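Chain by chain, the residues:
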Amino acid sequence: MKLKRVSGKAGADAFISRAAAGTCLNFWQDDHNVYLVGTEDGTIHKCSCSYSEQYLDTFTGHSGPVYRVRWSPFDSSVFATASADWTMRVWSSHHHEPKVSAQPATEAVLDVAWSPRCSTVMASAGADGRLSVWDLSTSLLDPIASVAVETMPTSVIFGPSPHTLLVADANGAVHVYRLDGIENVSGGTEEQKRRLEVALAGKDGDNSTE
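In this text the structure is predicted, and so the values were computed from the model without any measurement.

Draft legend 1. Examining unusual backbone geometry more closely. Unusually for a residue other than glycine, Trp86 sits at a positive phi of about 80°. Along the chain, Trp86 falls in the loop between β8 (78–83) and β9 (88–92).

Structure representation (structure tokens):
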């Protein structure tokens, strides 16, 4: 909550301005002046360092705080979010509502990460202790891999070695997981982008949580 004092004569009406706090951000790989900000009210704003007084765009869909926002490494118009509303969502910057939504946890989703080797593969970490891996080209109803982490996972990222996940937990430890049974995906950036576009095609507003 922000209180703004209005200059003027004594006794003049004052007003209260409510601005949701930012909870996470991620810079655009194509232009480091552009970035996404997730907020405590579930809104995501696209911003620019060159325009500090206004947003470039706004995206709505979450009903709780956004804990993570990440651009796709293969398509600069696609990004993913993780939220306290138990969902992770995938968005296109050309639409103001999510393309797809999944509920990977029965509590808050604390983090989401894109695979740097396959454009349709993602990982999520939930406050319920579940670490899950998803493939947008198959289904968001069921993960392609999932494991219960003994201590609540707070963040996840794909490792530098093929088929590895690095997971940090609430006790400050970092765990390494190996992903078995996930095939290597060949193709350059354009082919990876095409695969992601195909996976998201026709999924406007698709809600896999229902």
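Draft legend 2. Spatial organisation of the sheet that holds strand β14 (residues 145–148). Strand order in the open sheet made by the four strands is β11-β12-β13-β14, with antiparallel pairing throughout. In the strand order of this sheet, the two ends are held by β11 (109–114) and β14, each with one partner. On average, adjacent strands in this sheet sit at an angle of 15° to one another, irrespective of strand direction. Pairing geometry for strand β13 (residues 130–135) and β14, over four bridges, is antiparallel. Bridged to Ser132 within β14 is Ser146.

Draft legend 3. The nonpolar core, seen in detail. The biggest cluster of nonpolar side chains holds 18 residues, and the ones touching the most others in it are Met88, Val90, Trp114, Met122, Leu136, Leu140 and Leu200. Elements with a minimum of two residues in this core: β8, β9, β10 (100–102), β11 and α1 (189–200). Membership of the second largest hydrophobic core comes to 13 residues, among which are Val149, Phe158, Leu165 and Leu179.

Draft legend 4. The pairing of strand β7 (residues 66–71), seen in detail. The pairing of β7 with β8 spans five bridges and is classified as antiparallel. Counted as the bridge partner of Arg70 is Ala80 from β8. Where β7 hands over to β8, the hairpin turn is made up of six residues, counted between the paired strands.

Draft legend 5. A look at the sheet that holds strand β5 (residues 44–48). With respect to topology, four strands assemble into an open sheet ordered β3-β4-β5-β6, the strand pairing being antiparallel. Each edge of the open sheet is held by one strand with a lone partner, namely β3 (22–27) and β6 (57–59). When the angles between neighbouring strand axes are averaged without regard to direction, this sheet yields 25°.

Draft legend 6. Quick look at the pattern of salt bridges. According to the stated counting rule, one finds five salt bridges in the structure shown. Across the salt bridge formed by Arg70 and Asp111, the nearest N and O atoms sit 3.2 Å from each other. Separated by 41 residues along the polypeptide, Arg70 in strand β7 and Asp111 in strand β11 bring together distant segments of the chain. Accessibility expressed as a relative area gives 0% for Asp111, which makes it buried. Note that Asp85 is salt-bridged to Arg89, the shortest N-O span being 3.7 Å. In terms of burial, Asp85 and Arg89 fall into one category: buried.

The rules behind these values
Residues numbered from 1 in each chain as written. Predicted model: local features only at pLDDT ≥ 70, side-chain atom pairs only at ≥ 80, totals over all residues. Heavy atoms only, no water. Helix = DSSP H or I, 4+ residues; strand = E, 2+ residues; numbered from the N terminus. Pairing = 2+ DSSP bridges. Axes fitted to C-alpha atoms, helices over the stretch in contact; angles between N-to-C directions. Core = buried A, V, L, I, M, F, W, Y, C linked by side-chain atoms within 4.5 Å. Buried < 20%, exposed > 50% of the residue type's maximum accessible area, 1.4 Å probe, protein only. Salt bridge = Lys/Arg side-chain N within 4 Å of Asp/Glu carboxyl O.

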